[in-house]
Amino acid sequence: MPSFDVILLHPPAIYDFRKEPLFPGALGRNAETVQFTKVPIGMLSIADYLDRHGYKVVIDNLGDRMVNEPGIDVENHLKNLSAKVFAIGLHFQQHSPGALAMASLCKKLHPHSLVILGGLTATCFHHEIIEKYPCVDGVIRAEGEKPLLELLRLLEKRDRLGDSPNLTYRSLEGEIRSCPLMPASTDLDDYVYTRFELLTPQNSIYAEDSCHRWSLEVCRGCTYNCAICGGSAHTYRTRLGMDRPAFRSPQRIVSDIKDLNERNVRFIGLYQDPRMGGKRYWQELFALLKKEKPEIERLSLDLLIPADENFIREVASIGREIILHLCPDTGSDKVRRILGRPYSNEALLHTMRLCHDYRIPVTNFFSVGLAGETVEDVGKTWELWAELDAMNEDARRHGHYGDIDATVPIGGQILGPIVIDPGSPAFDDPQAHGYTLLYKNLEEYVAGLSRPVWNHWLNYETTELDRASIVELINQSIEFTIDQRERHGFYSEAEAHYERCRVEADRVVQKEVDALFDLTDEREKRARIIAMRKNLDQLEKTRMTFL
Ligand code: B12
Ligand code: SF4
């Protein structure tokens, strides 16, 4: 059994989702899809940084293992690992229950190792974690690379925790100590995101049978301030000490893509909008992509706001298959303004037309349940959705997407509920942003996210709508999207019928489970929830008989 200095663990969202009756409803197709098994991209740069500085490190994607090796005995797996430090990722809030469960297991199985948490959510709740969860020895706040290196150096000197940059920990006297943050990164050129050999299992990078796709980041941070986002400029400033995003230079991005080519990856994504770096930045990036000609079969780019013709023309001139992602979130200009992205439907539609003129497909994401949103506003979202579907249909009919629509599911727009991220503007001042928080601290997140049905995973209400109304509007919006998909030929009649049955079944589950919460007999409650899960599983199976 090799011994590591650090094992970085990416947890499942719920431990143990394989044994719990879960109803992810609008949030995912099944329990596996809501385990969020992608490691935060920053875990790779942490692993590389420590490795380059002489420490033995590996990332263990435990969430992915549990999804893809259903029989895995997690306790046994953890018992067979050996490390001085178990550094568990609590980046995405969805992992709150799973990360703490893993921390508790690591402490139980390896009482002499240190258990550290890190990531955006851990950063927001650092004090509470050390106060309430004795299985966690420390939290590394903000960026992880340099502070973890400092921590390992400290451990070499004194073999136990002490003051170290970005660390919150319990002193020997039981006092909670929060050490100051190191200066934040001003650029990302010292980091490496492509050392796949430091990640296990290897097939958690991309499944063997899928196309080899990897994404790189343009920057760390954001210049926007969307009310519900825990990666907003506000969060990075208040929690990570970062006043502006740190960019990766165009030269490094192009050399990253060449590295990826060596690893047989040619489907490349760039996270975050390169326009955030200014005109000179994106022009240089696009010019280098044209000049250096890294192999790219498809490039996907994020547009955080609409774009003008100059930009779209430059994107098209890169000369590869391009896909753009633009998230209007709502069809109401008013709601989008309250969210913090003040652009109009008109500007969005103009960008879509431009993209189609240059034969670039665009995917759009919508959500339901934003502050300021009324039933009428959701109607506007449906109208915009239908208009975008009609535009896409037209572009496809005219062959404007070339081969691309055979491989990209341009199956209409994408819909998802929202949650309020810890550390977001709305989390810090809910009233001013039109929200009421239902979970305010980590303990409440863990309790809410551990409930069996997805409507309880929504952590807020708005001034306009209570949680039950938001959930019903989400259900109705899903029904609308099913109609649209059937209309545009993405669902057959039987598939659409099946999808409508799923929504109806989900409504029944929500009602039944809500009613069960009044039961005082916990065993009976659990037995009845399990029975409901089994009935639904049966429904999934019978589907096969009519398709
Ligand atoms: C690109 C992106 C994605 C990409 C890639 C995600 C990925 N693999 O990292 C995609 C589109 C796949 C994605 C998906 C999701 N995302 Co996202 N995503 C982003 C975005 C826009 C940028 C992320 C980024 O590049 N960060 C910079 C990189 C370098 O650093 P990093 O990953 O943050 O890691 C550093 C630190 O956080 C820390 N750290 C991280 N983990 C750990 C662990 C330890 C032990 C330590 C010590 C430190 C540490 O150190 C790292 C290096 O310095 C952010 C918004 C933003 N502005 O940050 C949202 C964001 C991170 N995503 C978020 C969410 C919620 C999700 C989803 C759960 C959404 C959903 N419901 O499906 C999924 C989860 C997917 C999964 N895990 O399977 C939230 C998280 C908020 C929260 N507190 O929970 C954010 C902040 C904003 C948002 N609402 O979208 N996302
Ligand atoms: S949701 Fe808004 S604030 Fe968050 S990363 Fe995207 S654009 Fe930036």
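To start, this report covers the structure provided alongside it. Just so it is clear, the model here is predicted, and its values are computed rather than measured.

Cut-off values and rules
Residues numbered from 1 in each chain as written. Chains lettered and ligands numbered in written order. Predicted model: local features only at pLDDT ≥ 70, side-chain atom pairs only at ≥ 80, totals over all residues. Helix = DSSP H or I, 4+ residues; strand = E, 2+ residues; numbered from the N terminus. Rg over C-alpha atoms; globule rule 2.2 N^0.38 Å. Contact = placed C-beta atoms within 7 Å. Expected span 1.5 Å × (residues − 1). Buried ≥ 20, exposed ≤ 12 C-beta atoms within 10 Å, placed from the backbone. Near = placed C-beta within 6 Å. Nonpolar A, V, L, I, M, F, W, Y, C, P; charged D, E, K, R; others polar. Domains from an automatic or database assignment. Pairing = 2+ DSSP bridges. Axes fitted to C-alpha atoms, helices over the stretch in contact; angles between N-to-C directions. Parallel < 35°, antiparallel > 145°, perpendicular 65-115°, else oblique. Left-handed = near helix turned anticlockwise from the far one by under 90°. Core = buried A, V, L, I, M, F, W, Y, C linked by C-beta atoms within 7 Å.

Attention now moves to the overall build of the chain. Tallying secondary structure elements over the chain gives 20 helices and 18 strands in all. In terms of C-alpha radius of gyration, the chain reaches 24 Å, essentially the compact-globule figure of 24 Å for 547 residues. Projected onto its principal axes, the C-alpha positions of the chain cover 70 × 65 × 45 Å. By sequence separation, contacts in the chain at least 24 residues apart represent 73% of the contacts at least 6 residues apart.

It is worth spelling out helix 19 (residues 493-516) at this point. When the terminal C-alpha atoms of helix 19 are compared, their 35 Å separation across 24 residues agrees well with the 34 Å that a helix rising 1.5 Å per residue should span. Those residues of helix 19 lying buried are Asp 506, Val 509, Gln 510 and Val 513.

Within the secondary structure, Glu 499 is located in helix 19. Spatially, the C-alpha atom of Glu 499 lies 19 Å from that of Val 368, the residues being 131 residues apart in sequence. Every residue in contact with Glu 499, bar those within four places of it in the chain, is listed here: Ile 482 and Tyr 491.

Inspection of the region around ligand 1 gives 37 residues, with Lys 38, Gly 42, Gly 118, Gly 144 and Gly 231 positioned closest. Put simply, the parts of the chain that give the shell around ligand 1 at least two residues each are helix 1 (41-52), strand 3 (82-89), helix 5 (120-124) and helix 7 (145-158). Class assignment of the residues belonging to the shell around ligand 1 gives a composition of 16 nonpolar, 15 polar and six charged. For the shell around ligand 1, the two domains that each supply at least three residues are domain 1 (3-178) and domain 2 (219-417).

This part covers the sheet that holds strand 1 (residues 3-10). Taken in spatial order, the eight strands make up an open sheet running 7-6-5-4-3-1-2-8, and their pairing is mixed. In this open sheet, the two edge strands, each paired with only one partner strand, are strand 7 (176-178) and strand 8 (199-200). Relative to strand 5 (residues 138-140), strand 4 (residues 114-118) is paired through three bridges, and the arrangement is parallel. Paired with Leu 117 across the two strands is Val 139, which belongs to strand 5.

Take the environment of Thr 121 next. With respect to the secondary-structure elements, Thr 121 resides in helix 5. C-beta crowding within 10 Å serves as the criterion here: with 25 such atoms nearby, Thr 121 is assigned to the buried category. Taking the C-alpha atoms as reference points, Thr 121 and Leu 90, 31 residues apart in sequence, are found 5.7 Å from one another. Sequence-distant contacts of Thr 121, defined by excluding residues within four places in its chain, comprise Leu 90, His 91, Phe 92, Gln 93, Ser 96 and Pro 422.

With respect to the element layout, Arg 313 can be found in helix 11 (residues 309-316). By C-beta crowding, Arg 313 is classed as partly exposed, having 13 other C-beta atoms within 10 Å. When the C-alpha atoms of Arg 313 and Glu 499 are compared, they prove to be 39 Å apart, with 186 residues separating the residues in sequence.

To continue, consider the packing of helix 1 against helix 7. Each pair of packed helices gets described by two things: the angle between the helix axes and the distance between those axes. Between helix 1 and helix 7, the least distance of the axes is 9 Å, while the angle of their chain directions is 40°. Considering the angle they form, helix 1 stands oblique to helix 7. When the axes of helix 1 and helix 7 are compared, the crossing they make is right-handed. Contact residues: helix 1 offers Ser 45, Ile 46, Tyr 49 and Leu 50, while helix 7 offers Glu 145, Leu 148, Leu 149 and Leu 152. Classifying every residue of the contact of helix 1 with helix 7 by side-chain character gives six nonpolar, one polar and one charged.

Our next topic: the pairing of strand 6 (residues 167-170). One face of the sheet, then the other: side chains in a regular strand alternate in exactly this way. Bridge count for strand 5 against strand 6 is three bridges, and the pairing is antiparallel. Within strand 6, the residue paired with Ile 140 across the bridge is Leu 167. Examined bridge by bridge, strand 6 and strand 7 share three bridges and lie antiparallel to one another. The partner of Arg 170 across the bridge, within strand 7, is Ile 176. In this antiparallel pair of consecutive strands, strand 6 and strand 7, the connection spans five residues, and Gly 174 shows a positive phi of 85°.

What follows is about helix 7. Every α-helix carries 3.6 residues per turn, so stepping three or four residues along brings you back to the same face. Here helix 7 spans 20 Å end to end across 14 residues, near enough to the 20 Å set by a 1.5 Å rise per residue. Buried residues of helix 7: Glu 145, Pro 147, Leu 148, Leu 149 and Leu 151, and no others. Buried-residue contacts for helix 7 involve strand 1, helix 1, strand 3, strand 5 and strand 6. Phi for Asp 159, located one or two positions after helix 7, is positive at around 65°.

By size, the foremost hydrophobic cluster in this structure holds 135 residues, and its most contacted members are Val 6, Leu 8, Ile 88, Met 102, Ala 103 and Leu 117. No other element matches helix 4 (residues 96-109), which puts seven residues into this core. Here this core spans two domains, since at least three of its residues come from each of domain 1 (3-178) and domain 2 (219-417). If sequence neighbours within four positions are ignored, Ala 103 has contacts with Ile 88, Val 115, Leu 117, Tyr 133, Cys 135 and Val 136. Core analysis: the next-biggest nonpolar cluster, separate from the first, contains six residues, Cys 222, Ala 233, Tyr 236 and Met 242 among them.

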